[in-house]
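# Working through the structure, step by step
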Amino acid sequence: MILAFDGAPIDGSAYRDVTVLAQHAPAWLDSAVAVWSDYGLAVFALLMALGWWRARGSGAAAAATALAVPAVVVLAYGVNAVLKLAVREDRPCQSLRVTTLEACPAHGDWSFPSNHAAIAAAAAVALLFVSRWLGAVACGAAVAMAASRVWIGVHYPHDVVTGMVVGGLVALAAMSLVRRRSAALAHLLTSAAPLRPLLSAS
């Protein structure tokens, strides 16, 4: 038997308020939020690709920094996943009797911290090291992603807040290191002939 942490006493009432609001919201809004929650991470992938494409014109070091963003996001996801397995918090839709927009994940699909929020926040912070405007767009999208996970009923507010903090901090630390070592990273990638086209627009 797996004993799981119950996060309801933390902000279960706030979660209930959001899910009730979602039940009384216009159908088009609920549909839009659900689609964003399920597929919005693809937008971050597109922003990362755009950041790399633009960085190629700014030199090998900038391109190498942009190429590091997806790896940093994967790292943040890994750290968050370890925390999720360590805490093992039940989904709020399992602990509380509420009607949610989406089906409740099965027991064992833990809630804390939110992977979606961690990935989105990591991508947003990492992109700030590549392009301020792309990073700003990603930051807004990350907040929307985190909020959407509560709206559809699969996470408590503290799940998504913590997920964003974890993803953001991991990305900040990793990208700070990448930026300091960007020249060496660019040299390493340039030394491998198949990778050279990734660092230059020419």
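Quick note: structure is the one above.
Let me sum up the structure you'll find in this document. Predicted model, so just to flag it, every value in this text is computed and none were measured. (Residues numbered from 1 in each chain as written. Predicted model: local features only at pLDDT ≥ 70, side-chain atom pairs only at ≥ 80, totals over all residues. Heavy atoms only, no water.)

Within the structure shown, the criterion is met by 1 disulfide. Between the sulfur of Cys93 and that of Cys104 lies a disulfide, 2.2 Å long from S to S. Sign of the S-S torsion, about 80° for the bond between Cys93 and Cys104, identifies this disulfide as right-handed. Residue Cys93 is found in helix 5 (residues 92-95), and its partner Cys104 is found in the loop between helix 5 and helix 6 (115-128); the two are separated by 11 residues along the sequence. For Cys104, a relative accessible area of 31% gives the class partly exposed. (Disulfide = S-S within 2.5 Å. Helix = DSSP H or I, 4+ residues; strand = E, 2+ residues; numbered from the N terminus. Buried < 20%, exposed > 50% of the residue type's maximum accessible area, 1.4 Å probe, protein only.)

Right, let's get into the environment of Ala174. Residue placement: Ala174 occurs in helix 8 (residues 157-180). Sequence-wise, Ala174 and Val33 are 141 residues apart; in three dimensions their C-alpha atoms are separated by 31 Å. With residues up to four places along the chain from it excluded, the contact list for Ala174 reads Val72 and Leu75. (Contact = heavy atoms within 4.5 Å.)

A few words on the side chain of Ser148. Relative to the assigned elements, Ser148 resides in helix 7 (residues 132-151). Look past the residues within four positions of Ser148 in its chain and what remains in contact with it is Val33, Trp36 and Ser37.

Packing of helix 3 (residues 41-55) against helix 4 (residues 60-87) brings their axes to within 7 Å, and their N-to-C directions diverge by 165°. By the angle between their directions, the pair helix 3 and helix 4 is classed as roughly antiparallel. The two elements helix 3 and helix 4 meet at a crossing, and its hand is left-handed. Touching Met48, Gly51, Trp52 and Ala55 of helix 3 are Ala62, Ala63, Ala66, Leu67, Val69, Pro70 and Val73, all from helix 4. When its residues are assigned to classes, the contact of helix 3 with helix 4 shows 10 nonpolar, 1 polar and no charged. (Axes fitted to C-alpha atoms, helices over the stretch in contact; angles between N-to-C directions. Parallel < 35°, antiparallel > 145°, perpendicular 65-115°, else oblique. Left-handed = near helix turned anticlockwise from the far one by under 90°. Nonpolar A, V, L, I, M, F, W, Y, C, P; charged D, E, K, R; others polar.)

Turning to the environment of Gly51, a few remarks are in order. With respect to the element layout, Gly51 can be found in helix 3. In the structure, Gly51 is positioned 80 residues away from Ser131 in sequence and 6.7 Å away in space, judged by C-alpha atoms. Apart from residues lying up to four places away in sequence, Gly51 is in contact with Ala66, Val130 and Leu134.

Let us look at the packing of aromatic side chains. Aromatic ring pairs are reported here in terms of the distance separating the ring centres and the angle at which the planes meet. In the structure shown here, the tally under the stated rule is 3 aromatic pairs. Ring geometry for Trp36 versus Phe44: centroids 6.3 Å apart, planes at 45°, classification tilted. Among the residues examined, Trp36 registers a relative accessible area of 22% and is labelled partly exposed. Judged by relative accessible area, Phe44 falls into the buried class, the value being 1%. In this structure, Arg56 packs its charged tip against the face of Trp52, placed 5.3 Å from the ring centre. A cation over a ring is seen here: Arg56 above Trp53, with NZ or CZ 3.7 Å from the ring centre. (Phe/Tyr/Trp six-rings, centres within 6.5 Å; stacked < 30°, edge-to-face > 60°. Lys NZ or Arg CZ within 6 Å of the ring centre and 35° of its normal.)

On to the nonpolar core. Membership of the largest hydrophobic core comes to 26 residues, with the highest contact counts inside it found for Phe44, Val69, Val73, Leu127, Ala138, Ala171 and Met175. Every element with two or more residues in this core is listed here: helix 3, helix 4, helix 6, helix 7 and helix 8. For this core, the element with the most residues is helix 6, which contributes 8 residues. In terms of nonpolar packing, the next biggest core, distinct from the first, is built from 9 residues, Ala8, Val150, Tyr156 and Val160 among them. (Core = buried A, V, L, I, M, F, W, Y, C linked by side-chain atoms within 4.5 Å.)

Because each turn of an α-helix spans 3.6 residues, side chains separated by three or four positions end up pointing in the same direction. For helix 4, built from 28 residues, the straight-helix expectation of 40 Å at 1.5 Å per residue is met to within 8% by its first-to-last C-alpha distance of 41 Å. Maximal helix bending in helix 4 amounts to about 30°, located at Val69; proline Pro70 follows within four positions. All of the buried residues along helix 4 are Ala63, Ala64, Thr65, Ala66, Ala68, Val69, Val72, Val73, Ala76, Asn80, Ala81 and Lys84. One or two steps after helix 4, the chain reaches Arg88, where phi turns positive at roughly 55°. (Expected span 1.5 Å × (residues − 1). Bend = angle between axes of the 7 residues up to and from the residue.)

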